[in-house]
Amino acid sequence: MASLWLAVHLPTTPPPSAPELAGLACWAGNFSPRVSLAPPRGLLLEVGGCLRLFGGAEALKDRAAAGLAAQGVSARLALAATPQAALWLAEAAGEALDSLAPAAISLPPGTAERLARFGLFSLGALRRLPPAALGRRLGKEAIRLLARAYGDLPDPRPDFVFPARFHQTIELPAPVSHAPALLFAARRLTAALAGWLAARQAGLRQWRLELGHRQERSELLLSFAELTREAERFDRVLQQRLERLTLAAPVTTLGLTAVEPEDLPGISGGLFEASVGRESLGALLDRLRARLGEEQVGAVAPVAEHRPECASRLAQPG
């Protein structure tokens, strides 16, 4: 199976913090179980074995870009056969490695200036020169990076270790007084949660959203009728809960904690299986509970009793 790397470059100033980069690494679990950090601005996903799941490399890249945009994250993405090439292509917003300008990519300090004095303004031109002579003029590190980008040297990348427990917190850019307005910021947390669950092949029946105020804290406990790890379902239920919520004080931070994740392997459907079923019923129950309240949604359960009027009782659905 050919190796293929998707690089995510974050051009924001200042660079993302270590917790922010780790949160995006959790989100990347939606696309690949093999994720590597490339600080200070990068993230790498090995996606060669995941292409069929997403309909090809470009479709996967487009879906990842849409997922970042939905979280309000500005990023540039690129695909390449080696991790260093993918990082450079994403950093320079380029389409071919040979055409990249040394000044547009991360090289050891002073390298791009020295190359400009030699009249070398692209990696392709640099590549055509004898590496031994270049090594004496540029240093071993620059030559090593170039060789890794072109696949002449191995470039092992340490895998990101997904945390054993999921708890992430973000600070809001300004206090929020209207509960529905929290949904946009919370999407970054729910997207990271969904990726963490996908990487762990797990699902949740509950998760907790913690609302930090200036002098106190409050929380929302969201429940689901069945195990799930779908970010869209998380957001849909959260939106309906927030629409019914009145904040006692402005919110300055948001935190999300996974409550008792359980194994949730992939489901293999039959050849002629209908698209509706238990999963659709579970999603409907989630929406009803979020909109009407937990106590307003119930089910009828049988009771071993010969009297008809006593042969059933109210129970929790699901």
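Procedures and definitions
- Residues numbered from 1 in each chain as written.
- Predicted model: local features only at pLDDT ≥ 70, side-chain atom pairs only at ≥ 80, totals over all residues.
- Heavy atoms only, no water.
- Helix = DSSP H or I, 4+ residues; strand = E, 2+ residues; numbered from the N terminus.
- Buried < 20%, exposed > 50% of the residue type's maximum accessible area, 1.4 Å probe, protein only.
- Areas by Shrake-Rupley, 256 points an atom, 1.4 Å probe, with all protein chains shown as cover.
- Pairing = 2+ DSSP bridges.
- Axes fitted to C-alpha atoms, helices over the stretch in contact; angles between N-to-C directions.
- Contact = heavy atoms within 4.5 Å.
- Core = buried A, V, L, I, M, F, W, Y, C linked by side-chain atoms within 4.5 Å.
- Polar contact = N/O pair within 3.5 Å; in protein donor to acceptor, adjacent residues only side chain to side chain.
- Left-handed = near helix turned anticlockwise from the far one by under 90°.
- pLDDT = per-residue confidence, 0-100.
- 1 Å grid on protein atoms, 1.4 Å probe; cavity = no way out; pocket = protein on both sides within 12 Å on 5 of 7 lines; lining within 4 Å.
- Points joined across faces, edges and corners; volume = space filled by probe spheres on them.
- Nonpolar A, V, L, I, M, F, W, Y, C, P; charged D, E, K, R; others polar.
- Salt bridge = Lys/Arg side-chain N within 4 Å of Asp/Glu carboxyl O.
- Expected span 1.5 Å × (residues − 1).
- Bend = angle between axes of the 7 residues up to and from the residue.
- Parallel < 35°, antiparallel > 145°, perpendicular 65-115°, else oblique.

**A closer look at the overall build of the chain**
No. 1: Counting its secondary structure elements, the chain contains 11 helices and 11 strands.
No. 2: Counting only residues that meet the buried cut, the chain has 45% of its 318 residues in that class.
No. 3: If you sum the accessible surface of the chain, you get close to 17,200 Å²; carbon and sulfur atoms cover 55% of it.

**Quick word on the sheet that holds strand β4 (residues 76-80)**
No. 1: In space, the 4 strands of this open sheet follow the order β2-β3-β1-β4, with antiparallel pairing throughout. In this open sheet, the two edge strands, each paired with only one partner strand, are β2 (35-38) and β4. Averaged over neighbouring strand pairs, the angle between their axes works out to 20° when direction is ignored.
No. 2: For strand β1 (residues 5-9) and β4, the ladder comprises 5 bridges, and the chain directions are antiparallel. The residue bridging Val-8 from the neighbouring strand is Leu-77, located in β4.
No. 3: Sitting on the sheet, helix α1 (residues 18-28) touches β2 and β3 (42-46), and the angle it makes with β3 is about 20°.

**Focus on the nonpolar core**
No. 1: Ranked by internal contacts, the top residues of the largest apolar core, which has 59 residues, are Leu-45, Leu-182, Leu-193, Trp-207 and Leu-254.
No. 2: It is helix α9 (residues 182-200) that contributes the most residues to this core, 11 residues altogether.
No. 3: For Leu-45, the contacting residues outside a window of four places in its chain are Leu-4, Trp-5, Leu-6, Val-8, Ala-28, Phe-31, Ser-32, Arg-34 and Val-35.
No. 4: Counting residues in each nonpolar core, the second largest holds 27 residues, with Leu-44, Leu-120, Leu-134 and Leu-146 among its members.

**Side note on the environment of Asp-152**
No. 1: Along the polypeptide, Asp-152 turns up in the loop between α8 (140-149) and β5 (167-176).
No. 2: Discounting residues that sit within four places of it in the chain, Asp-152 has contacts with Arg-127 and Ala-147.
No. 3: A polar contact of 2.6 Å, which involves the side chain of Asp-152, links it to the side chain of Arg-127.

**Digging into the environment of Thr-252**
No. 1: Among the structural elements, Thr-252 can be located in strand β8 (residues 251-259).
No. 2: Spatially, the C-alpha atoms of Thr-252 and Val-176 are 6.7 Å apart, while their sequence positions differ by 76 residues.

**Considering the packing of α9 against helix α10 (residues 231-243)**
No. 1: α10 packs onto α9 with a crossing angle of 150° between their chain directions and a minimal axis gap of 9 Å. Between α9 and α10 lies a crossing whose hand is right-handed. Only Ala-231, Phe-234, Asp-235, Leu-238, Gln-239 and Leu-242 of α10 make contact with α9, whose side of the interface consists of Leu-182, Leu-183, Ala-186, Arg-187, Thr-190, Leu-193, Ala-194 and Leu-197.

**Some thoughts on the confidence of the model for the chain**
Parts of the model with low pLDDT should not have their predicted coordinates read in detail.
No. 1: For the chain, per-residue confidence averages 89 on the pLDDT scale, and 85% of positions sit at 70 or higher.
No. 2: Here residues 268-278 is modelled with pLDDT under 50, and outside its nearest four sequence neighbours on either side it reaches 3 contacts, counting other chains as well.

**Quick look at the layout of surface pockets**
No. 1: One number sums up the size of the largest pocket: a volume of about 860 Å³.
No. 2: Contributions of two or more residues to the lining of the largest pocket are made by α2 (51-54), α3 (57-70), α9 and α10.
No. 3: With 6 residues, α9 is the largest single contributor of residues to the lining of the largest pocket.
No. 4: For the lining of the largest pocket, the residue count by class is 12 nonpolar, 8 polar and 6 charged.

**Digging into the pattern of salt bridges**
No. 1: Under the criterion given, the structure shown has 10 salt bridges.
No. 2: A salt bridge links Arg-34 to Asp-159; its shortest N-O distance comes to 3.5 Å. Taken together, the positions of Arg-34 in the loop between α1 and β2 and Asp-159 in the loop between α8 and β5 put the pair 125 residues apart, joining distant regions of the chain.
No. 3: The partner of Arg-208 in a salt bridge is Glu-210, and the shortest N-O contact between them spans 3.5 Å.
No. 4: Bridged by salt links that share partners, the residues Arg-208, Glu-210, Arg-217 and Glu-219 form one connected network.

**Some thoughts on α9**
No. 1: Relative to the 27 Å expected for 19 residues at 1.5 Å per residue, α9 spans 27 Å between its end C-alpha atoms, a close match to the ideal helical length.
No. 2: For α9, the principal kink sits at Arg-188 and spans about 30°.
No. 3: At the exit of α9 stands Gln-201, carrying a positive phi of roughly 55°.

**A short note on the packing of α1 against α9**
No. 1: One way to put it is that α1 packs onto α9 with a least axis distance of 6 Å and a crossing angle of 55°. In terms of orientation, α1 and α9 fall into the oblique class. As for how α1 packs across α9, the hand of that crossing is left-handed. Contacts between α1 and α9 involve Gly-23, Cys-26 and Trp-27 from the first element and Ala-191, Ala-192, Gly-195 and Trp-196 from the second.
No. 2: In terms of residue class, the contact of α1 with α9 is built from 5 nonpolar, 2 polar and no charged.

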